[in-house]
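Reading the structure
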Amino acid sequence: MSKYFLLQDQQKCIGCHSCEIQCKTNKGLPPEARPCQVIQVGPELFNGRPRASFVFMPCFHCENPWCVAACPTGAMQRREKDGIVFIDHDLCVGCKTCISACPWGAPQWNPAIGKVVKCDYCMDRIDQGLKPACVTVCTTHCLTFNVTEKMPVIKRQRYANAMAATRETWSA
Amino acid sequence: MIPITINGDVYEALPGQRLLLFLMEKGIRVPHLCFHRALTPAASCKLCVVEIKEKGQAHQTRLACALKIREGLAVTTESAMIHQLRSAAITDLLKLAPHSEAIHRIGREFGLHTGAPPDGCIRCRLCIRVCSEIIGARALTMEKKNGRNFVVPSEKGSCIGCLTCTNLCPTQAIYFVDEGDVRTIMIRDTVVGRHKLEKCPICGRMFATTRFLDHVRRREDGHPEEKAALQYCPTCSKGYYRKNLAHTAPKLATIYGNKAVQG
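Every chain's residues receive numbers from 1 upward, in the order its sequence appears when written. Following the order in which they are written, the chains are lettered starting with A and the ligands numbered starting with 1. At least 70 in pLDDT is required for a residue's local features to be given in this predicted model, at least 80 for side-chain atom pairs to be given and counted, and no such filter applies to totals for whole chains, interfaces and linings, which use all residues. Side-chain measures were taken over the full set of non-hydrogen atoms in the model, leaving aside hydrogen atoms and water.

1. Side note on the overall build of chain B
Heads up, the condition is: Counting from the N terminus, the helices are the DSSP runs of H or I reaching at least four residues and the strands are the DSSP runs of E reaching at least two. Exposure categories follow from relative accessible area, calculated using a 1.4 Å probe and restricted to protein chains: below 20% of the type maximum is buried, above 50% is exposed, and the middle band is partly exposed. Residue contacts follow a heavy-atom distance rule, with two residues in contact if any of their heavy atoms lie within 4.5 Å. All accessibility values rest on the Shrake-Rupley procedure with a 1.4 Å probe; residue burial counts only the protein chains present in the view.
Scanning chain B for helices and strands turns up eight helices and eleven strands. Per-residue burial over chain B gives 42% buried out of 263 residues. For chain B, restricting intrachain contacts to residue pairs at least 6 apart in sequence, the fraction spanning at least 24 positions comes to 45%. Put simply, chain B shows about 14,300 Å² of open surface, and 53% of that area lies on carbon and sulfur atoms.

Here is the structure:
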């Protein structure tokens, strides 16, 4: 994994796809290519009520990336200093081996330039001290980007809230 | 009627008649493309150029379609000078209409320098190079036919249908057609490869050739981790790691319509 983490708080996500749009705008991509994508799961009946979740799927920036192993030209690379997996467009020949190799479909085909494009956590922006494009526009602030050790403790907080004694039990 | 000389032979001709029309009547072949009997001459294709000689004057070149027959005219329809001018004219015409069979036919008939008819390939060898250097399939090679190089499939079955060649080709001379579960890669009218396409078990779209997926698996050899043996299309792979696949798949299908996916 890279030293960064892009956390999605699924409970806050409303599936507005703003992140996708901002990502594509930032990278200048045609409609087909989605370096990050919000996948809708559901709706299903949950306790008699319809529920849907929206799962944010960027690149996971694997420790041992399948795409990097599969790439025949060395275009797909893992940046040593922070572990970001990115693609060098000057080397890409568009053979799409990485697209088929990735177990999560992260590398995307950009038909406008005949090359692969993928989520690189907007590393040009990170190097300027900015956040990835998707994070900056998230309407419900469900996306958080930072170095892994500075991730918010949302899950623990929620679990603690659920487990904590309620007012009723206090009064009892 | 007045006598005129054409290629050394004397003919009786009507003064004022267009020379090209007279030559056609006499069966003397002169190339032309823009002449029409019913219309005034435009002298635009410049193929009907002939040499004329009049008393007391030097040799001159004139367009036969526009020239009117007059007394004492001596016409030559073939010479080194004429050949050169017609070759220049036909080269200009081919720049405007490179695929025109009519122009190439005239070039052949009159032995003009037209070059071979263009086939869209600029002989950059990008397809050959990427196939042998990067993909390793060596499915394409250059072959000389009639003194000219052509990209041809090298040996039967070495193509894997990855489409990197069609992707890199700067002029789209090498291209592919997907029909049902068969992908065909073509250059000119030569088949480079025909391949079976794999169907995504979730969304049902054809997404890559079997041979290409084998190639990907070979590339991944030695990877320390394991992944699902079943191959889904890149889009459905996103949903696969979630359990509720049955719900994501129809949604994904509506996002992308029934268009073929990448990979």
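More follows now that the structure is in view.
2. A look at the packing of aromatic side chains
Residue and element names in this part refer to chain A. Put simply, the test is: To pair, rings of Phe, Tyr and Trp, with the six-membered ring standing in for Trp, must have centres within 6.5 Å; the planes then decide the type, stacked if under 30 degrees apart, edge-to-face if over 60, and tilted in the middle. Placement of a positive charge over a ring is assigned whenever Lys NZ or Arg CZ falls within 6 Å of the ring centre and within 35 degrees of the normal to the ring plane.
What the rule picks out here adds up to four aromatic pairs over all chains. Between Y4 and F145 the ring centres are 5.1 Å apart and the planes differ by 25°, which places this aromatic pair in the stacked class. Of the two residues, Y4 sits in strand β1 (residues 4-8) while F145 sits in strand β8 (residues 143-147), which places them 141 residues apart along the sequence. Both residues of the pair, Y4 and F145, count as buried. Through a chain of ring-to-ring contacts, three or more aromatic side chains come together here, namely Y4, Y121 and F145. It is K96 that lies over the ring of W109; its NZ or CZ is 4.3 Å from the centre.

3. Looking at the pattern of salt bridges
Short version of the rule: The term salt bridge refers to a pairing of a side-chain nitrogen on Lys or Arg with a carboxyl oxygen on Asp or Glu at a separation within 4 Å.
Using the criterion set out here, one finds 16 salt bridges over all chains in the structure. With a shortest N-O distance of 2.9 Å, E20 of chain A and R34 of chain A are connected by a salt bridge. With E20 of chain A in helix α1 (residues 18-27) and R34 of chain A in the loop between α1 and β2 (37-46), this pair connects stretches of sequence that are 14 residues apart. The class for E20 of chain A is buried, based on a relative accessible area of 6%. Note that R183 of chain B is salt-bridged to D178 of chain B, the shortest N-O span being 2.9 Å.

4. Some thoughts on unusual backbone geometry
Of note in the backbone geometry, H141 of chain A takes a positive phi value of approximately 55° without being a glycine. Positionally, H141 of chain A belongs in the loop between α5 (133-137) and β8. The phi torsion at N7 of chain B lies on the positive side, around 50°, for a residue other than glycine. Tracing the backbone through its elements, the reader meets N7 of chain B in the loop between β1 (2-6) and β2 (9-13).

5. Thoughts on the interface of chain A and chain B
Rules: Values labelled buried area give the accessible surface lost by two parts on being combined, using a 1.4 Å probe and summing over both. Distance and chemistry together define a polar contact, namely a pair of N or O atoms within 3.5 Å, with one atom able to donate a hydrogen and the other to accept it when in protein, and with adjacent residues in sequence counting only for side-chain atoms on both sides.
Each partner contributes to the interface: chain A provides 37 residues, whereas chain B provides 34 residues. Between chain A and chain B, the buried area comes to about 3,300 Å², and carbon and sulfur atoms account for 58% of it. At the junction of chain A and chain B, the tally comes to five residue pairs in polar contact (both at pLDDT 80 or more). Contributing elements (two or more residues each) for the side of chain A that touches chain B: β2, β3 (49-57), α2 (66-70), α3 (97-101) and β6 (108-110) of chain A. The element that contributes the greatest number of residues to the side of chain A that touches chain B is β2 of chain A, accounting for seven residues.

6. As for the sheet that holds strand β5 (residues 74-76) of chain B
Each strand in a sheet pairs with another by means of backbone hydrogen bonds, the pair being arranged parallel or else antiparallel. Residues and elements named next belong to chain B. Quick note on the threshold: Only strands joined by at least two bridges in the DSSP assignment are considered to pair. Axis angles are defined between N-to-C directions and span 0 to 180 degrees, where every axis is a line fitted to C-alpha atoms and, for a helix, only to the segment in contact.
Spatially, β2-β1-β5-β3-β4 is the arrangement adopted by the five strands of the open sheet, whose pairing is mixed. Looking along the sheet, the strands with just one partner apiece sit at the ends: β2 and β4 (60-63). Taken over all neighbouring pairs, the strand axes of this sheet differ in orientation by 35° on average, direction set aside. Contacts from helix α2 (residues 80-96) reach β3 (49-53), β4 and β5, with the element oriented near 150° to β3.

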